[in-house]
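Coordinate inspection notes
So you can see what is in the structure, the chains are spelled out below.
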Amino acid sequence: MKKIIITSILMLAFGTVANAATTPWWLQPTVCKLDPTDCYATMGAGYDVELWDVTSECWGMKLVCPDALVKFADEPTPISKRDTRDSKVIDSDFDVNLLSPNGDCFGRRKTIEDGTMVSIDGKYVNVWCMGILDNADERTANGEITYGVQPKCATLAKNGYAAVKNNKCYGKYFDPNKYYIDCGADTLPTRIIVLNGADYTAPSTGAPVTKKDANKIFETMYSVSQEQKQKYFAQ
């Protein structure tokens, strides 16, 4: 009985060795393998699926746009999943959960007001309609922005523009022959004055037809004015 048991054990051991010998070394159970888990549920545009994320121990890394990185880069850079949440790596003005407009990397400026304002140095500024800024620093999906001092009302008014919404950007044109842009010290105008508010389509009643009729109205107005002056401002 003991001989039979020993023989069975030897046959089992021999079979295991034989199987190991015919199995490629990289598939043998004693070889350490990288976890096949993906870092992201779906990885299409903006990802490099062949890169191993050492810090998160999974496959796939986001390609982050150069502008969205704190440190300078001249092309999209693969960033670990952990570092996409690190403010020392990612510029806080950018959202790396969104693809860039051209779709080849992650990182788009944070926006509010339906994209009419974007974040610069932690503050939201106007997105100006195309062609309004003399020297734009960056183009966004809806227009252009400047990193420096925002244009003042008086500067915009010289070219007939006011800092009011114009669809999804700021900067609406007002014909200087029809409107006056009243400016204060801020970017937004104090008020916009219609230079001639007459409605030429409205029916007129009692309006003078001839010059003689007009003169008669003015003479009456002058006479009433003189009477009121003598009554209330008598010396």
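This structure is a prediction, so every number in the text was calculated from the model and none was measured. (Residues numbered from 1 in each chain as written. Predicted model: local features only at pLDDT ≥ 70, side-chain atom pairs only at ≥ 80, totals over all residues. Heavy atoms only, no water.)

Some details on the overall build of the protein
From N to C terminus, the protein includes three helices and 14 strands. Considering the protein as a whole, with its 235 residues, one finds that 26% of them fall into the buried category. When contacts within the protein are restricted to residue pairs at least 6 apart in sequence, long-range pairs at least 24 apart make up 35% of them. In the structure as shown, the protein presents an accessible area of about 17,300 Å², 56% of it carried by carbon and sulfur atoms. (Helix = DSSP H or I, 4+ residues; strand = E, 2+ residues; numbered from the N terminus. Buried < 20%, exposed > 50% of the residue type's maximum accessible area, 1.4 Å probe, protein only. Contact = heavy atoms within 4.5 Å. Areas by Shrake-Rupley, 256 points an atom, 1.4 Å probe, with all protein chains shown as cover.)

Things to note about the pattern of salt bridges
One side chain can pair with another of opposite charge once the charged atoms of both are near each other. Counting across every chain of the model gives five salt bridges. Across the pair Glu-138 and Arg-109 runs a salt bridge whose closest N-O atoms are separated by 3.0 Å. Highlighted residues: Glu-138 in strand β9 (residues 138-139) and Arg-109 in strand β5 (residues 106-109), separated in sequence by 29 residues. We note that Glu-138, like Arg-109, is buried. The salt bridge involving Arg-191 is made with Asp-182; its shortest N-O contact spans 2.9 Å. (Salt bridge = Lys/Arg side-chain N within 4 Å of Asp/Glu carboxyl O.)

What to know about the confidence of the model for the protein
The predicted coordinates ought not to be read in detail in places where the model reports low pLDDT. Looking at the protein as a whole, the pLDDT averages 84, with 82% of positions reaching at least 70. Note that pLDDT drops below 50 for residues 9-14; the model gives that stretch zero contacts with residues more than four away or on any other chain. (pLDDT = per-residue confidence, 0-100.)

Regarding the state of the cysteines
The full count for this structure, using the stated rule, is four disulfides. Shown here for the protein is a disulfide pattern of 1-2, 3-4, 5-7, 6-8, where each number marks a bonded cysteine counted in sequence order. (Disulfide = S-S within 2.5 Å.)

Section: the pairing of strand β2 (residues 58-64)
Across the seven residues that make up β2, a large majority, six, are buried. Bridging between strand β1 (residues 47-53) and β2 involves four bridges; their strand directions are antiparallel. Bridge assignment links Tyr-47 to a residue of β2, and that residue is Lys-62. If you look at the hairpin formed by β1 and β2, you'll find four residues sitting between the two strands, and Glu-57 has a positive phi there, around 55°. Summarising the sheet, β2 and strand β3 (residues 77-79) pair through three bridges and their orientation is antiparallel. Within β3, the residue paired with Lys-62 across the bridge is Ile-79. (Pairing = 2+ DSSP bridges.)

Regarding the packing of aromatic side chains
This model, assessed by the stated rule, comprises six aromatic pairs. When the centroid spacing of 5.2 Å and the interplanar angle of 70° are considered together, the rings of Trp-52 and Trp-59 count as edge-to-face. Using a relative accessible area of 21% as the deciding quantity, one classes Trp-52 as partly exposed. For Trp-59, a relative accessible area of 25% translates into the label partly exposed. (Phe/Tyr/Trp six-rings, centres within 6.5 Å; stacked < 30°, edge-to-face > 60°.)

Side note on the pairing of strand β8 (residues 123-126)
Where strand β7 (residues 117-120) meets β8, four bridges bridge the pair, whose relative direction is antiparallel. Bridge pairing in β8 places Met-117 opposite Asn-126. The loop that links β7 with its antiparallel partner β8 comprises two residues; one of these, Asp-121, has a positive phi angle of about 55°.

Considering the nonpolar core
In terms of nonpolar packing, the biggest core is built from 14 residues, with Val-118, Val-127, Trp-128, Ile-132, Ile-145 and Leu-156 touching the most fellow members. Listing elements by their share of this core, those giving two or more residues are β7 and β12 (169-173). Apart from the residues lying within four places of it in its own chain, the contact partners of Leu-156 are Trp-128, Ile-132, Pro-151, Tyr-161, Ala-163 and Thr-187. (Core = buried A, V, L, I, M, F, W, Y, C linked by side-chain atoms within 4.5 Å.)

A closer look at a nonpolar patch on the surface
On the surface, Tyr-179, Ile-192 and Val-194 cluster together into a nonpolar patch covering about 220 Å² of accessible area. Secondary-structure assignment places Val-194 in strand β14 (residues 191-194). In this structure Val-194 comes out as partly exposed when scored by relative accessible area, which is 45%. (Patch = residues over 30% accessible without salt bridge, like charges linked within 9 Å, V, L, I, M, F, W, Y side chains within 5 Å.)

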